[in-house]
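Chain and residue survey
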Amino acid sequence: HRHLLGIEQLSPADITAILELADTYADLNRQPHKHGDALKGLTQINMFFENSTRTQASFEIAGKRLGADVMNMAMQASSIKKGETLIDTAMTLNAMHPDLLVVRHPQSGAVDLLAQKVNCAVLNAGDGRHEHPTQALLDALTIRRAKGRLHRLSIAICGDIAHSRVARSNIMLLGKMENRIRLIGPPTLMPAGIAEFGCEVFDNMEEGLKDVDVVMMLRLQKERMDGGFIPSEREYYHRFGLDAEKLSHAKPDAIVMHPGPMNRGVEIDGTLADDINRSVIQDQVEMGVAVRMAAMDLLARNLRETRAA
Ligand code: CP
């Protein structure tokens, strides 16, 4: 592949190849000497038009660990503020010959559009409600390491599914790897056309969590609810917030996940989120660096092959 725009374009074999390489990087990242040279001589530009802690930091660390020259564009201070369009900004940066462009944007489809205009490899770091492929890949690696496999698991994705690119990318990835997916949340936060996702849908946590292997919680994405129904946080926590009691309906060894940023006491109990016997939230962050190293390494190999041909 030339770009990493979404899980939609990846085959099960592609997903497995990224996870296999990421597994080796995850082990390398635990060594005192962490550096490789897979991206040596390449220029990576990170363009985040939306806030980020985890994704931006891990793409930067991943690039630096593999020897790339990494530049973080401060989009708040850029000429976007003077009315320059996304495409003009991208073309300007393209003229500086970057090799890898990492882009987060609030509009669904913006990253795909940008990828059609530039000569380098583009990685989608989250576009609107559409896709967040590296998040789904790091979730998959976390599940695979915790459960020993990434197939025939029962996985619950809970909360604000309608506004979540993380949910969309995970539903696609976990479905391609032949897992059973349950979506749990209030009907107002389920996307239209939910039937075509091929998942079971629940509006009750106790029923939906019954005997699942993995519980994936999502944040209430108020910034995307533009004028629509916003539930009260207290009521939401009571019905859909994950606590020890609700988790007791899942398998005894079920793991708890959250992509972050997390709102304690809204979608998840803070004590449960910190319980290292159940929660793999910090492992997800750790795997994020490894998955981004693997994704950029594979795209760079493709880039070098294409240029050599
Ligand atoms: N999970 C995730 O995308 O977090 P950030 O918004 O902090 O990057």
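Structural notes, computed from the coordinates. Given the structure is predicted, the values throughout are model-derived calculations rather than measurements. (Residues numbered from 1 in each chain as written. Predicted model: local features only at pLDDT ≥ 70, side-chain atom pairs only at ≥ 80, totals over all residues. Heavy atoms only, no water.)

1. Here we look at the overall build of the protein
Defined as follows: Where helices and strands are cited, they refer to DSSP runs of H or I of at least four residues and of E of at least two residues respectively, numbered from the N terminus. For the radius of gyration, the atom set is restricted to C-alpha positions; the globular benchmark scales as 2.2 Å times the number of residues to the power 0.38. Exposed residues in this analysis have more than 50% of their type's maximum accessible area, buried residues have under 20%, and partly exposed residues fall in between, with area computed by a 1.4 Å probe over protein chains only. Contacts are residue-level and defined by heavy atoms, with any inter-residue pair within 4.5 Å sufficient. His is not counted, nor are the chain ends, whereas Lys and Arg count as positive and Asp and Glu as negative. All charge positions are set by atom: Lys at NZ, Arg at CZ, Asp at CG, Glu at CD.
A count of helices and strands for the protein gives eleven helices and nine strands. The C-alpha radius of gyration computed for the protein amounts to 19 Å, which stays within 12% of the reference 19 Å derived for 309 residues, consistent with globular compactness. With the principal axes as the frame, the protein shows a C-alpha extent of 55 × 45 × 35 Å. Taken across its 309 residues, the protein has 54% of its residues classed as buried. Once local pairs closer than 6 in sequence are excluded, the contacts in the protein between residues at least 24 apart make up 75%. Of note, the protein has its 36 positive side-chain charges centred 3 Å away from the centre of its 40 negative side-chain charges.

2. Remarks on the sheet that holds strand 6 (residues 180-184)
Here is the rule: For two strands to pair, DSSP has to find at least two bridges joining them. Under this scheme, a helix contributes an axis fitted over its contacting stretch, all axes are lines through C-alpha atoms, and angles between N-to-C directions fall in the 0 to 180 degree range.
Strand order across the open sheet formed by five strands is 7-6-5-8-9, with parallel pairing between neighbours. The open sheet has two edge strands with one neighbour each: strand 7 (200-202) and strand 9 (255-257). For this sheet, the mean inter-axis angle between neighbouring strands, taken without regard to orientation, is 20°.

3. A word on unusual backbone geometry
Of note, the amide linkage connecting Gly260 to Pro261 takes the cis form, showing an omega dihedral of -10°. Inspection of the secondary structure assignment puts Pro261 in the loop between strand 9 and helix 10 (270-273). Not every positive phi belongs to a glycine, and Arg152 is a case in point at roughly 50°. A positive phi angle is found at Glu178, which is not glycine, with a value near 65°. You can see Glu178 is positioned in the loop between helix 6 (165-176) and strand 6. Judged by relative accessible area, Glu178 falls into the exposed class, the value being 62%.

4. So, the pattern of salt bridges
Heads up, the rule is: In what follows, salt bridge is the name for a side-chain nitrogen of Lys or Arg lying within 4 Å of a carboxyl oxygen of Asp or Glu.
Following the criterion strictly, the structure yields 15 salt bridges and no others. Two residues, Glu20 and Arg144, come together in a salt bridge whose shortest N-O distance is 3.1 Å. With Glu20 in helix 1 (residues 12-28) and Arg144 in helix 5 (residues 133-147), this residue pair connects regions lying 124 residues apart in the sequence. The class for Glu20 is partly exposed, based on a relative accessible area of 44%. Note on Arg144: relative accessible area 16%, which makes it buried. The closest approach of N and O atoms between Lys64 and Glu60, which form a salt bridge, is 2.7 Å. Of this pair, Lys64 and Glu60 both sit in helix 2 (residues 54-65), four residues apart, roughly one helical turn. Owing to a relative accessible area of 42%, Lys64 belongs among the partly exposed residues under this scheme. Of the residues examined, Glu60 reaches a relative accessible area of 23% and is grouped as partly exposed. Among the charged side chains, a network of salt bridges with common partners joins Glu20, Asp23, Asp27, Arg144 and Arg145.

5. Some thoughts on the nonpolar core
The criterion, for reference: In this text, buried Ala, Val, Leu, Ile, Met, Phe, Trp, Tyr and Cys residues form a nonpolar core when linked through side-chain atoms within 4.5 Å.
Leu123, Leu137, Ile143, Ile157, Leu173 and Leu183 are the most contacted members of the largest nonpolar core, which has 62 residues in total. For this core, the element with the most residues is helix 11 (residues 281-308), which contributes ten residues. Once residues within four sequence positions are removed from consideration, Leu137 is found in contact with Leu4, Ile7, Ile15, Ile18, Leu19, Leu173 and Val291. Counting residues in each nonpolar core, the second largest holds 24 residues, with Phe202, Tyr236, Phe240 and Leu272 among its members.

6. Section: the packing of helix 1 against helix 5
We count it as follows: Comment on the angle field: the value is read as roughly parallel under 35 degrees, roughly antiparallel over 145, roughly perpendicular from 65 to 115, and oblique elsewhere. Handedness of each helix crossing follows the sense of rotation of the near helix against the far helix: counterclockwise by less than a right angle gives left-handed, clockwise gives right-handed.
In contact at an axis separation of 10 Å, helix 1 and helix 5 are set at 70° when each is read in the N-to-C sense. It follows from the interaxial angle that helix 1 and helix 5 lie roughly perpendicular. Once helix 1 is placed against helix 5, the crossing between them reads as right-handed. Along the contact surface, helix 1 presents Ile15, Ile18, Leu19, Glu20, Ala22, Asp23, Ala26 and Asp27, while helix 5 presents Leu137, Ala140, Leu141, Arg144 and Arg145.

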